[in-house]
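Architecture at a glance
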Amino acid sequence: MSFAFVPIPAALPAPYLFDQGEEFVIVQWTSLGSGHEYEMQWKESSSQDWTTVSSILSNSVVKKKGLSSGKQYQFRVRARVTNGGWSEFSPSSEPISPLLDSKNQRMEPPTLVEAAYNSVTLTWNPANQASLYQLQYRGEDSAWVTAQNKTSENKLTCDGLSSGKKYQFRVRPEYPTGWDNYSSPSDFFLTISASPFFHELLGETLIDSNGNQYGVDILADKLVGIYFVSRDSTPCQLFTPQLTQFYSQLQSEKKNIIVVLVSLDPDSATFDDHFRSLPFLAVPITETNIIEKAKVACLVDPRFLPKLIIYSSSGKLIEKSATSVVLSPKTFSQWEEAGVY
């Protein structure tokens, strides 16, 4: 007779607060997926004695009722494959409390104004007599993080997020009597990411002339110009100053376009000398595979440079040979219009 081996999961990360009410908290932890059970325990932070809430939980979100406002509690959790052995308990959560006793109405959660590739702009209804606000955010499987410790505005851009990820937000006001309760969590808002076309063609990393690196998702929601160029090509030497002036003007007007330089220079030294004074982003010259991809896709023939191709944010071709058109505000407006449809 043979027995199937049932693995014991590794210890989970500490649980974290999802939401809170006047006499309850909602606690969440990282889910291991279907086929797992969880045991959650709780205690007052000042106590050493743990009490089991349940040892047959199939969900990784639990509401613990019957708690007292003003007291702090901690939680821990362990997991097992159904009918298997238990993991070690997770570390204890940070101290968690129900909502504070307050005479003020709890704020409504923030709402979405605009999502970008690495940021989300939010707004919320001002609270009467509130002088400051504090905003927090969390990813799908993470604890709350303070995005802005103090702001007097009721609109804020939360930067430093990852592209293509979902985030929730909550806000709390400061009254003359002190900080009040956080709002309930917002819906999940999704940061945007660049078209798969640009990931496939350009790779994952772009650089500027100072050596700063950017994820290719910086191209999300932008018109994109891909500029194939070589320093020692006479036609390139004539066209690059025109494009530089045009692009710099567009950037000063905060137009929604990014030009990405793809170098056909023979070596890194030539590329560095060429690129250091230009305002574009670039594919690192070590990423030589892009030239082969471009050749296969019939985007560029190295014998005929420069080549500037304009794409919409979705990767739709707008202008196959922008080096042969007049670079003007009218031309850019035509690209913008074509990029919408």
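Everything that follows concerns the structure shown earlier in this document.
Residues numbered from 1 in each chain as written. Predicted model: local features only at pLDDT ≥ 70, side-chain atom pairs only at ≥ 80, totals over all residues. Heavy atoms only, no water.

In terms of helices and strands, the protein carries five helices and 21 strands. Here the C-alpha radius of gyration of the protein, 27 Å, is well above what a compact globule of 341 residues would show, namely 20 Å. Looking at the 341 residues of the protein, the share that counts as buried comes to 44%. Counting contacts in the protein only where the partners sit at least 6 residues apart, residues at least 24 apart contribute 63% of the total. Accessible surface, the protein: about 17,900 Å² in total, of which carbon and sulfur atoms supply 48%. Treating the 29 positive side-chain charges of the protein as one cloud and the 36 negative ones as another, the clouds have centres 3 Å apart. (Helix = DSSP H or I, 4+ residues; strand = E, 2+ residues; numbered from the N terminus. Rg over C-alpha atoms; globule rule 2.2 N^0.38 Å. Buried < 20%, exposed > 50% of the residue type's maximum accessible area, 1.4 Å probe, protein only. Contact = heavy atoms within 4.5 Å. Areas by Shrake-Rupley, 256 points an atom, 1.4 Å probe, with all protein chains shown as cover. Lys, Arg positive; Asp, Glu negative; His and termini not counted. Charge placed at Lys NZ, Arg CZ, Asp CG, Glu CD.)

To continue, consider the sheet that holds strand 8 (residues 120-123). One open sheet accounts for three strands, arranged 7-8-11; its pairing is antiparallel. The open sheet is flanked by strand 7 (111-115) and strand 11 (155-158), the only strands paired with a single partner. Along the sheet, successive strands turn relative to each other by an average axial angle of 25°, direction set aside. Relative to strand 8, strand 7 is paired through four bridges, and the arrangement is antiparallel. Across the sheet, the residue bridging to Glu 114 is Thr 121, located in strand 8. (Pairing = 2+ DSSP bridges. Axes fitted to C-alpha atoms, helices over the stretch in contact; angles between N-to-C directions.)

What follows deals with the side chain of Asp 19. Relative to the assigned elements, Asp 19 resides in strand 1 (residues 16-20). For Asp 19, a relative accessible area of 11% gives the class buried. Polar contacts involving the side chain of Asp 19 include one to the side chain of Arg 106, which spans 2.8 Å. Discounting residues that sit within four places of it in the chain, Asp 19 has contacts with Val 25, Ile 26, Arg 106, Ser 183, Ser 184 and Pro 185. (Polar contact = N/O pair within 3.5 Å; in protein donor to acceptor, adjacent residues only side chain to side chain.)

The next thing to look at is the environment of Ala 194. Here Ala 194 lies in the loop between strand 14 (189-190) and helix 1 (196-202). Overall, Ala 194 belongs to the buried group, its relative accessible area being 6%. Along the backbone, Ala 194 and Ser 163 are 31 residues apart, and their C-alpha atoms lie at a distance of 8.5 Å. Discounting residues that sit within four places of it in the chain, Ala 194 has contacts with His 199, Val 216, Asp 217, Leu 219 and Ala 220.

This brings us to the sheet that holds strand 1. With respect to topology, three strands assemble into an open sheet ordered 1-2-5, the strand pairing being antiparallel. Of all strands in the sheet, those with a lone pairing partner are strand 1 and strand 5 (61-64), marking the two edges. Strand-to-strand, the axes of this sheet are offset by a mean angle of 30°, without reference to chain direction. Direction of pairing for strand 2 (residues 25-28) relative to strand 5: antiparallel, over a ladder of four bridges. From the neighbouring strand, Val 27 faces strand 5, where its bridge partner is Val 62.

Turning to the packing of aromatic side chains, a few remarks are in order. Tallied over the entire structure, the rule returns 14 aromatic pairs. For the pair Trp 124 and Tyr 133, a centre-to-centre distance of 5.6 Å together with 65° between the ring planes defines the contact as edge-to-face. Look at Tyr 133 and you get buried, because its relative accessible area is 4%. Measuring from ring centre to ring centre gives 5.3 Å for Phe 197 and Phe 198, while their planes differ by 75°; the resulting arrangement is edge-to-face. Looking at Phe 197, the relative accessible area reads 30%, which means it is partly exposed. One aromatic cluster is present, built from ring pairs that chain together Tyr 137, Tyr 167, Phe 169 and Phe 189. (Phe/Tyr/Trp six-rings, centres within 6.5 Å; stacked < 30°, edge-to-face > 60°.)

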